[in-house]
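# What the coordinates show
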Amino acid sequence: MPEAQNNDSGILIVGFGNTQRKDDGVGPYVVKKLSDMIKPLAGIRFMHVSQLTIEMVEDFYAADVLIFVDATVDRLENGWRCVKMMPDLSQANFQTHHLSPGFLLGLLQALYQHSPMAWLVAVQGEDFGFGHEITPDARTRAEGAMGKIIETVETIRKKE
Amino acid sequence: MEATRKITIDPISRIEGHGKVVINLDEKGDVKDAKFHVTQIRGFEKFCEGRPFEEMPVITQRICGICPVSHQLASAKACDAILGVKIPETAALLRELMHMGQFIQSHALHFFYLASPDLLLGWDANPAERNVVGVVNKFPELATKGIRLRKFGQEIIKALGGKKIHPAFSVPGGVINGLSRAKARELADGFEEAYGTCRIAIDTIGKWVGDNLEEAQKFANFRSNYAGLVDSEGRLNLYDGQMRIVDPDRSILAQFDPADYLNYIGEQVEPWSYLKFPFFRDNGFPDGCYRVGPLGRINAVDAIATPMANEELQRFREKFDRADIRGGSLLYHYARMIELLYCLEKAGEILKDERTYGSDIRKTMHPSNNKGVGVIEAPRGTLIHHYEVDKYGALTKVNLIVATGHNNMAMNNSVGLVARQYIRNGDVQEGILNRIEGAIRCYDPCLSCSTHALGQMPLRVEVLSANGDLIHELQKDPEGLGYA
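Residues numbered from 1 in each chain as written. Chains lettered and ligands numbered in written order. Predicted model: local features only at pLDDT ≥ 70, side-chain atom pairs only at ≥ 80, totals over all residues. Heavy atoms only, no water.

### So, the overall build of chain A
Across its full length, chain A carries four helices and five strands. Put simply, chain A runs from its N terminus to its C terminus through helices and strands in the order β-α-β-α-β-β-α-β-α. Scored against the burial criterion, the 160 residues of chain A give a buried share of 56%. Considering only contacts in chain A between residues 6 or more positions apart, those separated by 24 or more positions represent 75%. Of the roughly 7,200 Å² of accessible surface on chain A, 50% is carried by carbon and sulfur atoms. (Helix = DSSP H or I, 4+ residues; strand = E, 2+ residues; numbered from the N terminus. Buried < 20%, exposed > 50% of the residue type's maximum accessible area, 1.4 Å probe, protein only. Contact = heavy atoms within 4.5 Å. Areas by Shrake-Rupley, 256 points an atom, 1.4 Å probe, with all protein chains shown as cover.)

Right, dumping it as structure tokens:
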């Protein structure tokens, strides 16, 4: 079995989105805020990127838990949602510019027989136009999402 | 009774960008003509007008998520020319190092994930399996090595530009960061594995071509000119040099300062595509078809400056530098891996060069020219950024000729040849359509770059009757698993 060469472990929180398209950057925004809030805790890594690409499976390999944070255009009751992610290789045609969390989880499973627990936290955006600012509405929703992520992390750590 | 048919492939899969192929059949069901259409427009050349020229390295790298480095470098070189500055040698070495990282990640991605399903699983394999997942399932070790090689290239980019995609690095007059020796040592640790993977790729494609020689000879094989940048000794140069155009027998037709490209390259516009058709002016349109990218470069150069890649080039030429196979489009895959080896060697050379660690990395000055042309070899071929500015430095003209544009005529020729080779009496199988897509895939086109197009990427095939009616349309289903 091929082996990834990454010795880090624990929880990896990955925010992705285009920070030049306002609320599309809410994933990286959430991760940057969280890294300030929960930095003292060991075993948690943070990553913020424009998009998910295939070589990231190398970064994901050692994680026991993956939490993806992304923006969504969906209208959500609480302004955010948290769903459990499963490996999904049905996006097989492979568009190199962006991959889904499920596809990367599928690759992790197929290449490394590794299936970390994973969640996707989606935050409803309002404005995806050009600009670096996250809208006030999206910031408010991001606060709720951050609370859920912290709760999830704490629950996982209590079980360890 | 229907007289003729039209086949549409839309979207084309495993390429960077959106396009479609339309095939017109005659009364007998044989191919009358076939066209590769690019159907979107983004308009960078227009909306950049009026912007300060210094912004262009940042703006134009957003054209593409796969080759942002190439656009940033070509743009920075065009801006250097407007400033009238020769950048410090440390800056030039660092730019070239990032460029090598870009090639490594892009060539690895194409070979292992876009091209390998056809080569390793077969043209006629079940389309639900003939994709990256099929490769992962059947060749997991190779797939993993491909991922790690791509990551290695991305790490070079990140070491210099802070991030892997859309890095901030090249600016008018130089670069904004130096490279620490500690970071260089980290990168150096990755070479042994990268060379090993590259060797596997070269052996794999070499064996494939050897085992499928007849197909390599017949598949989209045609006479064309070839083009690419060369150094002062006529060797491969991906960052700088003169542009050389050779004829189908590899005799030099022209070699010139790329800034003078307009004297040698014309651009034809056709009503059915947003992608322009560059041509070699001396031959006119359409006879002035030339090919860029890996095969274009490998056929245009005299040699390669690094020893291992040059050895591979000689081995390649002993087998394939013949009139009956030189123009075979499948050889692009082989040429791409020879270039990958060159890029690894070149990156290693730069990291060992003491000048790479200098502190003089940028020259600033006021613009001294109202025009600047920046040319580099991007992974897919020659990339030209041409800007003109007013006395305030605001852009009055922007012309971008990207690799996929240079190859537009060649891709159309390839589509037509493969369609004629395989479609007979109206019999159109999925595997045939995949071969037509595969002909395009050889060139590794990036339609986002070439049209500056907005949207998603995939391809469609249409079959039209003799009187132009759409009678058959094949379109990739939403999951991309086959044709609907």
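### Description of helix α12 (residues 331-352) of chain B
With 22 residues, α12(B) ought to run about 32 Å at 1.5 Å a step, and its terminal C-alpha atoms sit 32 Å apart, in line with that. For α12(B), the buried fraction is high: 20 of the 22 residues fall into the buried class. (Expected span 1.5 Å × (residues − 1).)

### Quick notes on the sheet that holds strand β6 (residues 225-230) of chain B
The sheet built from four strands is open, its strands ordered β8-β7-β6-β11 (chain B) with mixed pairing. Single-partner strands in this sheet number two, and they are β8 (252-256) and β11 (290-291) of chain B. (Pairing = 2+ DSSP bridges.)

### Considerations on the side chain of B:E45
When you line up the elements, B:E45 lands in helix α1 (residues 44-47). Looking at B:E45, its side chain comes within polar contact range of the main-chain nitrogen of B:L400, at 2.8 Å. (Polar contact = N/O pair within 3.5 Å; in protein donor to acceptor, adjacent residues only side chain to side chain.)

### A closer look at the nonpolar core
Looking at soluble globular proteins, one finds that nonpolar side chains tend to be buried together. Judged by nonpolar contacts, the single largest core of 155 residues is most densely connected at A:F60, A:L66, B:I23, B:I423 and B:I436. Among the elements that take part in this core, helix α4 (residues 89-121) of chain B stands out by supplying 15 residues, more than any other. Counting residues domain by domain, this core receives three or more from each of domain 1 (5-39 + 412-475) and domain 2 (86-222 + 328-355) of chain B. Listed in part, the 26 residues of the second largest apolar core include A:I11, A:W80, A:A145 and A:I156. (Core = buried A, V, L, I, M, F, W, Y, C linked by side-chain atoms within 4.5 Å. Domains from an automatic or database assignment.)

### Focus on the sheet that holds strand β1 (residues 10-16) of chain A
All names here are of chain A. Taken in spatial order, the five strands line up as β2-β1-β3-β5-β4 in an open sheet, and their pairing is mixed. One side of each edge strand has no neighbouring strand; the edge strands of this open sheet are β2 (44-49) and β4 (80-84). When strand polarity is set aside, the average angle formed by the axes of neighbouring strands in this sheet is 20°. One ladder, built from six bridges, connects β1 with strand β3 (residues 63-72); its direction is parallel. What sits directly across from V14, in β3, is F68. With respect to the sheet, helix α3 (residues 101-112) is in contact with β1, β3 and β5 (117-124), its orientation differing from that of β3 by roughly 160°. Of the strands in this sheet, β1, β2, β3, β4 and β5 are in contact with helix α4 (residues 136-159), which crosses β5 at around 165°. (Axes fitted to C-alpha atoms, helices over the stretch in contact; angles between N-to-C directions.)

### Things to note about the packing of aromatic side chains
On inspection of all chains with the given rule, the structure shows 15 aromatic pairs over all chains. Between the aromatic rings of A:F60 and A:F68, the centroid separation amounts to 5.6 Å while the plane-to-plane angle is 80°, which identifies the pairing as edge-to-face. On the accessibility criterion, A:F68 (0% relative accessible area) is buried. Pairing B:F191 with B:Y195 gives two aromatic rings, centres 6.2 Å apart and planes at 40°, and the pair type is tilted. In this pair, B:F191 and B:Y195 are both assigned in helix α8 (residues 191-211), four residues apart and thus about one turn of the helix distant. (Phe/Tyr/Trp six-rings, centres within 6.5 Å; stacked < 30°, edge-to-face > 60°.)

### With respect to the packing of α4(B) against α8(B)
Residue and element names in this part refer to chain B. Direction vectors running N to C along α4 and α8 enclose 30°, while the axes themselves pass 12 Å from each other. Judged by the inter-axis angle, α4 sits roughly parallel to α8. Relative to α8, α4 is oriented so that their crossing is left-handed. For the pair formed by α4 and α8, the contact residues are F111, F112, L119 and L120 on the first element and T197, A201, T204, I205 and W208 on the second. Within the contact of α4 with α8, the residues separate by chemical class into seven nonpolar, two polar and no charged. (Parallel < 35°, antiparallel > 145°, perpendicular 65-115°, else oblique. Left-handed = near helix turned anticlockwise from the far one by under 90°. Nonpolar A, V, L, I, M, F, W, Y, C, P; charged D, E, K, R; others polar.)

### Digging into the packing of α4(B) against helix α6 (residues 140-161) of chain B
All names here are of chain B. In contact at an axis separation of 8 Å, α4 and α6 are set at 160° when each is read in the N-to-C sense. The pairing of α4 with α6 is recorded here as roughly antiparallel in orientation. You can see that α4 and α6 cross each other, and the crossing is left-handed. In the contact of α4 with α6, the residues fall into 17 nonpolar, eight polar and one charged.

### Quick notes on α8(B)
Residue and element names in this part refer to chain B. When the terminal C-alpha atoms of α8 are compared, their 30 Å separation across 21 residues agrees well with the 30 Å that a helix rising 1.5 Å per residue should span. Residues of α8 that are buried include every one of F191, A194, T197, C198, A201, I202, I205, G206, W208 and V209, and no others. Check the buried side of α8 and you find it contacts α4, α6, α7 (181-188), α9 (213-218), α11 (307-320) and α12.

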